[in-house]
Each structure stands twice: as structure tokens, then as C-alpha cells.
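Spelled out, the chains give:
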Amino acid sequence: MLLEIVKYPDPRLAKKCAEVAEVTPELRGLIENMVQTMYEKDGVGLAAPQIGHNIRLITVDDTGPKERKALRVLINPVIVDPEGEKESEESCLSVPSFSTKIKRKETLTLKAQDDKGQDVCFRAEGLLAVILQHEIDHLNGMTIVDHAGRLKRAMYDKKIAKWRKNQDQKS
Ligand code: ZN
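No experiment lies behind these values; they were computed from the predicted model shown.

Caption draft 1: Structural context of the packing of aromatic side chains. Under the criterion given, the structure shown has three aromatic pairs. Their ring planes at 35 degrees and their centres at 5.8 Å tell us that Y8 and Y156 sit as a pair that is tilted. Of the two residues, Y8 sits in the segment before α1 (25-40) while Y156 sits in helix α5 (residues 150-170), which places them 148 residues apart along the sequence. In this structure, Y8 and Y156 share a single accessibility class: buried. Aromatic pair F98 and Y156: ring centres 4.7 Å apart, planes at 50 degrees, arrangement tilted. With F98 in strand β5 (residues 95-104) and Y156 in helix α5, the pair connects residues that are 58 residues apart, well separated along the chain. A single burial state applies to F98 and to Y156, both of which are buried. It is R72 that lies over the ring of F122; its NZ or CZ is 3.9 Å from the centre. A cation sits over an aromatic face here: K152 above F98, 5.4 Å from the ring centre.

Written out as C-alpha cells, the structure reads:
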């Protein structure tokens, strides 16, 4: 089932998410829908708050929706031993028509549980490391808009207010 993406400035995107206590059948169903939604919306990563669930769960596939070769479902993900710095240009399914340069760590170790509740731990670099940092930001109530400069953010807020006004006039 395709899920609706929560869009900025929805307050649900600004909340710190709660730890997942156990992998229930309901959670597995949610994960399945989340993965489908990520791929169909052409995403390389999705965080649970983006589909309206304020829990620490992300899905990631850095090979993209065409290849679908490296799906990772990560529950309660934690970054340890980040190293180096790089700048990446990022966009987000929850922040339409917006992109910004963000300073990220170059490599990191990710510890989490998988969709069976098993501990996983791996070293990530490149695009994967960036996606992980982006999605974990979501779990802490942060979007790419929060990384942008004040002026850029103000301009985007203005643009959104205008879209909303146009929509209201149509409906
Ligand atoms: Zn995002």
C-alpha cells in the first residue's frame, strides 16, 4: 500500500521520535508499505515520521528504485565513530522543490536492529553514509530546511505560503 508523505512544515516532522520496543506484525506491515512507498516515490531513503509515525525506523537503498539491490530496514539506528567531512547537495520527499548543501560526515558506523529484531552493525561511506545521516535527522525532528541558511529558509517558507494560498483559492 502506498503511503502519503508528510510534507514540511507539518509539525510531525519536527518531533523527536520514540525508540521501537519490539518488532510486531503491525510494524512489519508498516515496513512493507514504507519500502514500497520509498521505491515508488523514487526515494533512496525514508524515515517513519515522513509517513506519520513518530518512531525510530528508517528504510534505505542507496542503489535506488531502479536497481533495488541494497535494501536496509533499520530500527533504532545509531551512528558511532563518524569520520571526515564532506558536503552533499540534498533534497527530500517531504520538502518538495527544495535542495541545499549540507556538511556531512564522510564515513560512519551504523548500529541498529533489522526487521527481525537482530542487531546489525556496518561501516558506511559515500552516498549510503549521507542517506543514513539524512534519515536519522528526521528521527530527531530535523529536515534539510533546518540545515539551510536563514535567508534560504525564509524564501522557501514564503513560497510554501503562496502555494497554500493558491490551493485554498482553488478549493
Ligand atoms: Zn528527507
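Caption draft 2: Up close: helix α3 (residues 126-139). Under the 1.5 Å per step criterion, the end-to-end length of α3 is 21 Å for 14 residues, consistent within 8% with the ideal 20 Å. Burial analysis of α3 places 12 of its 14 residues in the buried class, which makes it a mostly covered element. Buried within α3 we find L128, A129, V130, I131, L132, Q133, H134, E135, I136, D137, H138 and L139. G141 sits one or two positions beyond α3 and adopts a positive phi of about 75 degrees.

Caption draft 3: Molecular detail of the pattern of salt bridges. According to the stated counting rule, one finds eight salt bridges in the structure shown. Residue R123 is joined to E83 by a salt bridge in which the shortest nitrogen-to-oxygen separation is 3.1 Å. Placement of the pair is R123 in strand β7 (residues 119-125) and E83 in strand β3 (residues 72-83), with a sequence separation of 40 residues. Taking relative accessible area as the criterion, E83 reaches 49% and is therefore assigned partly exposed. A salt bridge links D115 to K116; the nearest nitrogen and oxygen atoms lie 3.6 Å apart. Judged by its relative accessible area of 60%, K116 falls in the exposed class.

Caption draft 4: Inspection of the side chain of H138 at higher detail. When you line up the elements, H138 lands in helix α3. For H138, a relative accessible area of 1% puts it in the buried group. Every residue in contact with H138, bar those within four places of it in the chain, is listed here: K15, C17, A47, P49, Q50, C92 and T143.

Caption draft 5: Geometry of the pairing of β7. Bridge count for strand β6 (residues 107-113) against β7 is seven bridges, and the pairing is antiparallel. Looking at the pairing, K111 lines up with C121 of β7. Linkage of β6 to β7, two consecutive antiparallel strands, is achieved through a turn of five residues, within which G117 is found at a positive phi near 85 degrees.

Caption draft 6: Expanded view of the side chain of S94. Looking at the element boundaries, S94 is found in the loop between β4 (86-92) and β5. Taking relative accessible area as the criterion, S94 reaches 0% and is therefore assigned buried. A distance of 2.7 Å separates the side chain of S94 from the backbone oxygen of V6, its partner in a polar contact. Other than its neighbours up to four places away in sequence, S94 contacts I5, V6, K7, Y8, L13 and Q50.

Caption draft 7: Highlighting the nonpolar core. Counting 17 residues, the largest nonpolar core has L27, I31, M34, L46, I51, L57 and I75 as its most contacted members. Residues I58, A124, I131 and I136 belong to the second largest nonpolar core, which totals 16 residues.

Calculation criteria
Residues numbered from 1 in each chain as written. Predicted model: local features only at pLDDT ≥ 70, side-chain atom pairs only at ≥ 80, totals over all residues. Heavy atoms only, no water. Phe/Tyr/Trp six-rings, centres within 6.5 Å; stacked < 30°, edge-to-face > 60°. Helix = DSSP H or I, 4+ residues; strand = E, 2+ residues; numbered from the N terminus. Buried < 20%, exposed > 50% of the residue type's maximum accessible area, 1.4 Å probe, protein only. Lys NZ or Arg CZ within 6 Å of the ring centre and 35° of its normal. Expected span 1.5 Å × (residues − 1). Salt bridge = Lys/Arg side-chain N within 4 Å of Asp/Glu carboxyl O. Contact = heavy atoms within 4.5 Å. Pairing = 2+ DSSP bridges. Polar contact = N/O pair within 3.5 Å; in protein donor to acceptor, adjacent residues only side chain to side chain. Core = buried A, V, L, I, M, F, W, Y, C linked by side-chain atoms within 4.5 Å.

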